[in-house]
Amino acid sequence: MKVHLIDGTYELFRSHFGQPARIAPDGMPVSAVRGLIQSLLLLLRSPDVTHIAVAFDSEVKSFRNEIFPKYKDGSKTPDDLYQQFTLAERVVGALAITCWPMKEFEADDVLATAAVTYIEDKRVEQVLICSPDKDLSQVVTGNKIVCLDRRKNLVINEDEVKRKFGISPASIPDYLGLMGDSADGIPGIPRWGAKASSRLLARYGYIENIPEDYRLWDVSVRGAASLSMSLEKHRNEASLYKDLATLRMGVPISQSVDELEWRGADHSLFPELCIELGMNNLAKSPNKWLG
């Protein structure tokens, strides 16, 4: 079997900016939720999609904001999108899909935890994390745990991570710690860009292994002296940024693989919710129903 783990937060953002504005009969904005429904129904029509779960950042702030106050805090999330987060969880529930609404942790943390947990089940052939988020690349393992960019129909396995970033999946947190990640509010180390970060980490693996004296570097990097000076000045920050980019693999998950099996949408909840949202045309869209 294959297990599909969905980054619900990404799906909501993608739908919000890719769908025409829509308002429910009660005045609630619902364009992102409509896109989410359509995206999930399309995925569920695939014959190899049998076991599925969706994770959301129910609280935009997480423990990372306590470590680093400048970490993403949701202040850039449009109000009309933020209002749909709770509604999105209702949608997933009405479709009878396992839902993980995150508060202390982030959606990426539970997706990573789930991936490394479920792949241990010998019946699981592959875990597909449905997200293009580069943070999740650190969990990729051979062809067993992969990321799936559904928009591009691209499977990102370990070879693809190495081709794309020039480093192994294990070095992704170090890569983001050095060059930064604007999407998450991680500033990175001055002067360190993608090329230098990739080249040094391809050789040394982790920030901690990069020699303090650039003259000991046995790879050629443009501007090595200034890069080294910047890193030595900001070693503590680099360690902090790496920690922020490192996904936690110990998020409590109560569901077994078997409990992720999708048996169909709820006969009463899903149609009623569609009508409530002014999406009557989607009320009978699921290709399978409970019972």
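Per chain, the residues get numbers from 1 upward, laid out in the order the sequence is written. The predicted origin of the model limits local features to residues at a pLDDT of at least 70 and limits the giving and counting of side-chain atom pairs to 80 or more, whereas totals for whole chains, interfaces and linings rest on all residues. Computation of side-chain values covers all heavy atoms of the structure but excludes hydrogens and water.

(A) Seen up close, the overall build of the chain. Counting from the N terminus, the helices are DSSP H or I runs at least four residues long and the strands are E runs at least two residues long. Helix and strand counts for the chain stand at 12 helices and 6 strands. Here the C-alpha atoms of the chain give a radius of gyration of 21 Å, agreeing with the 19 Å that 2.2 N^0.38 yields for 291 residues. With respect to the three principal axes, the spread of C-alpha positions in the chain is 70 × 45 × 30 Å. For the chain, with 291 residues in total, the buried portion stands at 52%. Two residues form a contact once any of their heavy atoms are found within 4.5 Å. Long-range pairs, those at least 24 residues apart, make up 67% of the contacts in the chain with a sequence separation of at least 6. Accessibility throughout is a Shrake-Rupley quantity obtained with a 1.4 Å probe, and a residue counts as covered only by protein chains that appear here. Just so you have it, the chain exposes about 13,800 Å², and 50% of that area is on carbon and sulfur atoms. Charge assignment: positive for Lys and Arg, negative for Asp and Glu; neither His nor the chain ends contribute. Each charge is placed at NZ for Lys, CZ for Arg, CG for Asp and CD for Glu. Counting 35 positive and 40 negative side-chain charges, the chain places the averaged centre of each group 6 Å from the other. The reference for a compact globule is 2.2 Å times residues^0.38; the radius of gyration itself is calculated from the C-alpha atoms. Only protein chains enter the calculation, and the probe is 1.4 Å; a residue is then buried if its accessible area is under 20% of its type maximum, exposed if over 50%, and partly exposed in between.

(B) Highlighting the packing of helix 10 (residues 224-233) against helix 11 (residues 235-245). A fitted line through C-alpha atoms represents every axis, and for helices the fit uses only the stretch in contact; the resulting angles, taken between N-to-C directions, go from 0 to 180 degrees. Helix 11 packs onto helix 10 with a crossing angle of 75° between their chain directions and a minimal axis gap of 4 Å. What the angle tells us is that helix 10 and helix 11 run roughly perpendicular. For the pair helix 10 and helix 11, the contacting residues are L231, E232 and K233 in the first and R235, E237 and A238 in the second. Three categories are distinguished: nonpolar for Ala, Val, Leu, Ile, Met, Phe, Trp, Tyr, Cys and Pro, charged for Asp, Glu, Lys and Arg, and polar for the others, with Gly belonging to the last. Grouping the constituent residues of the contact of helix 10 with helix 11 by class yields 2 nonpolar, no polar and 4 charged. Our angle categories are set so that under 35 degrees counts as roughly parallel, over 145 as roughly antiparallel, 65 to 115 as roughly perpendicular, and the remainder as oblique.

(C) Seen up close, the packing of aromatic side chains. Between rings of Phe, Tyr and Trp, where Trp is taken as its six-membered ring, a pair exists when centres lie within 6.5 Å; planes separated by under 30 degrees are stacked, by over 60 edge-to-face, and by other angles tilted. Taken as a whole and assessed by the stated rule, the structure comprises 7 aromatic pairs. Between F63 and F105, the aromatic rings sit 5.7 Å apart at their centres with planes inclined by 65°, giving edge-to-face as the arrangement. Taken together, the residues span a long stretch of sequence, with F63 in helix 3 (residues 63-67) and F105 in the loop between strand 3 (98-102) and helix 6 (107-118) at a distance of 42 residues. What makes F105 buried here is its relative accessible area of 18%.

(D) Highlighting unusual backbone geometry. The backbone of A96 sits at a positive phi, close to 60°, despite the residue not being glycine. Here A96 shows up in the loop between helix 5 (85-94) and strand 3. The phi torsion at R191 lies on the positive side, around 80°, for a residue other than glycine. As for its placement among the helices and strands, R191 is situated in the loop between helix 8 (172-179) and helix 9 (194-204).

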